[in-house]
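# Fold and geometry: a report
Residue strings, one per chain:
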Amino acid sequence: FRTPRHIIDFIVAVVDPKKNETILDPACGTAGFLISAYKHILKASDNLSPDERARLMSNFRGYDIAPDMVRLARANMYLHGFPNPTIHEYDSLTSEERWDERCDVILANPPFMTPKGGIRPHNRFSIKAKRSEVLFVDYIAEHLNPGGRAGIIVPDGIIFQSAGAYSKLRRLLINNGLYAVVSLPIGVFNPYATAKTSILFVDKTIGGRSAEICFVRISSDGFDLGAQRRPVETNDLPDALDLLRRFRVNASLPATPMALSLPKSVITSSKECSLLASHYTTG
């Protein structure tokens, strides 16, 4: 389902892609994440030369399994100035053709639905699973370059499901740079879906040196949670962005009801390795 533009822009702002980095969306849809990342880089980069802009455009690529989505993504990127968009019709979960490719930044809202009978992935995944959300998150964690970063929207089953594949995936994420979990309110994806979702942020540099994981709860994203998603005055996203930036720099948080940090050792010592902050707090 469609990712609201303000949520895409929030994720891109947190991940903060740079002009010299390669950027991938392995389930790109209409290329919303790629275009937002491109705009973010242009805003942060003063006076790019034509050659620098051409090199920048070559850093973006997307995959999608649906031919219609591939055409729409290419058209959308073309309309935003990309003369030859690099969008491939490709199944990230069952094809090995591009498995050895790596990127500096991965941004994605992978599909949550798993077909009847499950996915039949190839055997190079670290986590043995048939659920698409598990496999996509595993794929992203394994395809970042050293020092790479990712922002991934996931269904909340990824956060707390007790099945073996889910708990193994959470341990893999913690060991591969997970540094923040942002809980989104139910209704963010109205009118397309009512699934409860969270955002996982991975940074192989920060996650490697930080002993804690930051948990942030978004109560309002600037819109009501009805089908029409009308604007409202309250919006937690700017404060959440500031908190996440502080945590990235200081590996600590100011006292706030919106966020807390927990030691990785506490999380990994539990059997389920849940990423639900309330499992470890009494407040």
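Above: the structure in question.
Throughout this description, residue numbers start from 1 for each chain and increase along the sequence as written. Local features in this predicted model are restricted to residues whose pLDDT is 70 or higher, and side-chain atom pairs enter the listing and the counts only when it is 80 or higher, whereas totals over whole chains, interfaces and linings include all residues. The side-chain quantities take in all heavy atoms of the structure and omit both hydrogens and water.

### So, the pairing of strand 2 (residues 60-64)
Taking burial as the measure, the five residues of strand 2 include five buried ones, the bulk of the element. The alternating pattern of strand 2 places Phe-60, Gly-62 and Asp-64 and Arg-61 and Tyr-63 on opposite faces, both of which are buried. The pairing criterion is simple: DSSP has to find at least two bridges between the two strands. Helical segments are the DSSP runs of H or I of at least four residues, strand segments are the runs of E of at least two, and each set is numbered from the N terminus. Taken together, the three bridges between strand 2 and strand 3 (residues 87-89) define a ladder with parallel strand orientation. Within strand 3, the residue paired with Gly-62 across the bridge is Ile-87. Note on handedness: a clockwise path from strand one over the helix to strand two, with the strands aimed away from the viewer, defines a right-handed crossover. Since strand 2 and strand 3 lie parallel, the crossover through helix 4 (residues 67-79) that links them has a hand, and here it is right-handed. Per-residue accessibility, obtained with a 1.4 Å probe over protein chains only, is compared with the maximum for each type, and a residue is labelled buried under 20%, exposed over 50%, and partly exposed between these values.

### Examining the nonpolar core
We define a nonpolar core as any set of buried Ala, Val, Leu, Ile, Met, Phe, Trp, Tyr and Cys residues linked to one another through side-chain atoms lying within 4.5 Å. In terms of nonpolar packing, the biggest core is built from 51 residues, with Phe-10, Ile-11, Phe-60, Leu-107, Phe-201, Val-216 and Leu-244 touching the most fellow members. Ranked by residue count, the leading element in this core is helix 1 (residues 5-15), at eight residues. Residue contacts are counted whenever heavy atoms from the two residues lie within 4.5 Å of one another. With near-sequence residues (within four places) excluded, Leu-107 lies in contact with Ile-11, Val-12, Val-15, Ile-23, Leu-24, Asp-25, Pro-26, Phe-33, Ala-37 and Gly-151. The next biggest cluster of nonpolar side chains, apart from the first, holds 43 residues, and it includes Val-134, Ile-140, Leu-144 and Val-154.

### Side note on the packing of aromatic side chains
Pairing of aromatic side chains requires ring centres within 6.5 Å, counting the rings of Phe and Tyr and the six-membered ring of Trp. Pairs whose planes differ by under 30 degrees are stacked, by over 60 edge-to-face, and all others tilted. In the structure shown here, the tally under the stated rule is eight aromatic pairs. An angle of 85° between the planes, with centres 5.6 Å apart, marks the rings of Phe-60 and Phe-82 as edge-to-face. Taken as a pair, Phe-60 in strand 2 and Phe-82 in the loop between helix 4 and strand 3 lie far apart in primary sequence, 22 residues in all. Each member of the pair, Phe-60 as well as Phe-82, carries the same accessibility label: buried. Seen in terms of ring centroids, Tyr-63 and Tyr-90 are 4.9 Å apart; in terms of plane orientation they differ by 70°. Their pairing is edge-to-face. Placement of Tyr-63 in strand 2 and of Tyr-90 in the loop between strand 3 and strand 4 (103-108) is noted, with a sequence separation of 27 residues between them. Exposure remark for Tyr-90: the relative accessible area of 5% places this residue in the buried category. Three or more aromatic residues joined by ring pairs form one cluster here, namely Phe-10, Tyr-179 and Phe-201.

### A closer look at the pattern of salt bridges
Salt bridges are identified by distance alone: a Lys or Arg side-chain nitrogen within 4 Å of an Asp or Glu carboxyl oxygen. Under the counting rule described, the total for this entry stands at 12 salt bridges. Between Arg-71 and Asp-68 there is a salt bridge, with the nearest N and O atoms lying 2.2 Å from each other. Remark: Asp-68 and Arg-71 occur in helix 4; sequence separation between them is three residues, near one turn of the helix. Judged by its relative accessible area of 49%, Asp-68 is partly exposed. Overlapping salt bridges bring together Arg-61, Arg-98 and Glu-101 as one network.

### Section: the sheet that holds strand 11 (residues 259-263)
Spatial strand order, 3-2-1-4-5-7-6-8-11: nine strands in an open sheet with mixed pairing. Looking at which strands have only one partner, the edges of the open sheet turn out to be strand 3 and strand 11. On average, each strand axis in the sheet is inclined to that of its neighbour by 15°, with strand direction left out of account. Note that strand 6 (residues 178-183) and strand 8 (residues 212-217) share four bridges and pair parallel. For helices, the axis comes from a line fit to the C-alpha atoms of the stretch in contact; other axes are also lines fit to C-alpha atoms, and the angle between any two N-to-C directions lies between 0 and 180 degrees.

Worth remembering: the numbers are spatial, not functional.
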